[in-house]
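# Survey of secondary and tertiary structure
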Amino acid sequence: MERAVRASVAAGGGAGRKVAVAAVQFACTDVEAENVDTAERLIREAHKKGAKIVLVQELFEGHYFCQAQRLDFFQRAKPYKGNPTIIRMQQLAKELEVVIPVSFFEEANNAHYNSVAIIDADGTDLGLYRKSHIPDGPGYQEKFYFNPGDTGFKAFKTKYATIGVGICWDQWFPECARAMALQGAEILFYPTAIGSEPQDGNLDSREHWKRVMQGHAGANLVPLVASNRIGRETVETEHGKSSITFYGNSFIAGPTGEIVKLANDKDEEVLVAEFDLDEIKAIRHGWGIFRDRRPDLYKVLLTLDGEK
């Protein structure tokens, strides 16, 4: 049956509701204006290739500062409303008629969040998602900067599709993907910043990282787009210099989890793939994975230790 699903999706038969999506990846400098310019240039390139929804990597305005615990890095945060990068992306989205999830470091009074604003194809800001799962480990010390997100998982109805957006560490949790799919998300998007582990040069998570998200696509029968940065970034920390080499590998997966577009680990790239969302919807409904769910048996998921 899986082979039949692949063939049907690949054929794309009928008029359908076909939507091209894109993932871009690039190396960030630590100069905000340069990175926003690069993001715009790559979004324009994706648009020329036919993309209607374009994903840019997590916290793309600068270096991934969470390698350190530094008070001065809180100055990088900006309020959601009036944020100049979001406003610029709104203008770009309206000009090109594309949807752009915009990742940014949010300041909300005394709280701080790792957030994404969803910009529709007419430039309208559809709302905010705040990263729910916040990591804390060598090189990825996000709990120092970010409060746990309080928006809950969301599905956003854009001009071209209903989409769900998780942020980086969210990608390791199947509950996040399932929650968005249950709310009607037809495509999942994950802006990301992940690479080497400063404490262990032999640890390489890239294949694990891809397989987990491929599983989300396959388990929910929805396409999935992941955008990651590239390049080596060195940050001065309270204990000396720390470096991460980000491994790129941005990709687009189809609704059975198959990778249809894949970037490498070192080059700036723009990936574009088209999906027939009506056809995928029919297959998703026919497969029965939502029909046969048993949420009455899932109460254990509401616990931390597995005790009912």
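Basis of the calculations
Residues numbered from 1 in each chain as written. Predicted model: local features only at pLDDT ≥ 70, side-chain atom pairs only at ≥ 80, totals over all residues. Heavy atoms only, no water. UniProt positions renumbered as here; feature names shortened; annotations may be inferred. Helix = DSSP H or I, 4+ residues; strand = E, 2+ residues; numbered from the N terminus. Rg over C-alpha atoms; globule rule 2.2 N^0.38 Å. Buried < 20%, exposed > 50% of the residue type's maximum accessible area, 1.4 Å probe, protein only. Contact = heavy atoms within 4.5 Å. Areas by Shrake-Rupley, 256 points an atom, 1.4 Å probe, with all protein chains shown as cover. Lys, Arg positive; Asp, Glu negative; His and termini not counted. Charge placed at Lys NZ, Arg CZ, Asp CG, Glu CD. Polar contact = N/O pair within 3.5 Å; in protein donor to acceptor, adjacent residues only side chain to side chain. Phe/Tyr/Trp six-rings, centres within 6.5 Å; stacked < 30°, edge-to-face > 60°. Lys NZ or Arg CZ within 6 Å of the ring centre and 35° of its normal.

Under an unreviewed UniProt entry, the protein has the name N-carbamoylputrescine amidase and belongs to Urochloa decumbens. Looking at the protein in UniProt, the text filed under Sequence similarities (unreviewed entry) is "Belongs to the carbon-nitrogen hydrolase superfamily."

Bringing the overall build of the protein into the picture now. The helix and strand tally for the protein stands at six helices and 16 strands. Over its C-alpha trace the protein gives a radius of gyration of 19 Å, about what one expects of a compact globule, namely 19 Å for 308 residues. By principal-axis analysis of the C-alpha atoms, the protein measures approximately 55 × 50 × 40 Å. Every one of the 308 residues in the protein was classed for burial, and the buried ones make up 54%. A separation of at least 24 residues holds for 70% of the contacts in the protein among residues at least 6 apart in sequence. When the accessible surface of the protein is split by element, carbon and sulfur atoms take 51% of a total near 13500 Å². Considering the protein, the positive charge centre built from 37 side chains and the negative charge centre built from 43 side chains are found 5 Å apart.

For Lys154, the position within the fold is in the loop between strand E7 (140–141) and strand E8 (156–157). It is 29 Å that separates the C-alpha atoms of Lys154 and Ala27, two residues lying 127 residues apart in sequence. Aside from chain neighbours lying at most four places away, what touches Lys154 is Leu128, Ile163, Gly164, Val165, Met180 and Gln183. Separated by 2.9 Å, the side chain of Lys154 and the backbone oxygen of Leu128 make a polar contact.

Phi at Glu97 takes a positive value of approximately 60°, unusual for a residue other than glycine. On the basis of relative accessible area, Glu97 is assigned to the partly exposed category, the value being 41%. One non-glycine residue with positive phi stands out, namely Leu221, at about 50°. Examined against the element boundaries, Leu221 turns out to sit in the loop between helix H5 (206–220) and strand E11 (224–227).

Here the focus is the packing of aromatic side chains. Within this structure, the stated rule accounts for 18 aromatic pairs. An angle of 70° between the planes, with centres 5.7 Å apart, marks the rings of Trp209 and Tyr247 as edge-to-face. Taken together, the residues Trp209 in helix H5 and Tyr247 in strand E13 (residues 240–247) connect sequence positions 38 residues apart. Neither Trp209 nor Tyr247 differs from the other in exposure class; each is buried. Counting every residue linked through ring pairs, the aromatic cluster contains Phe65, Phe73, Phe74, Phe105, Phe144, Tyr145 and Phe146. It is Arg130 that lies over the ring of Tyr113; its NZ or CZ is 3.9 Å from the centre. Taking NZ or CZ as reference, Arg178 lies 5.1 Å from the ring centre of Phe290, over its face.

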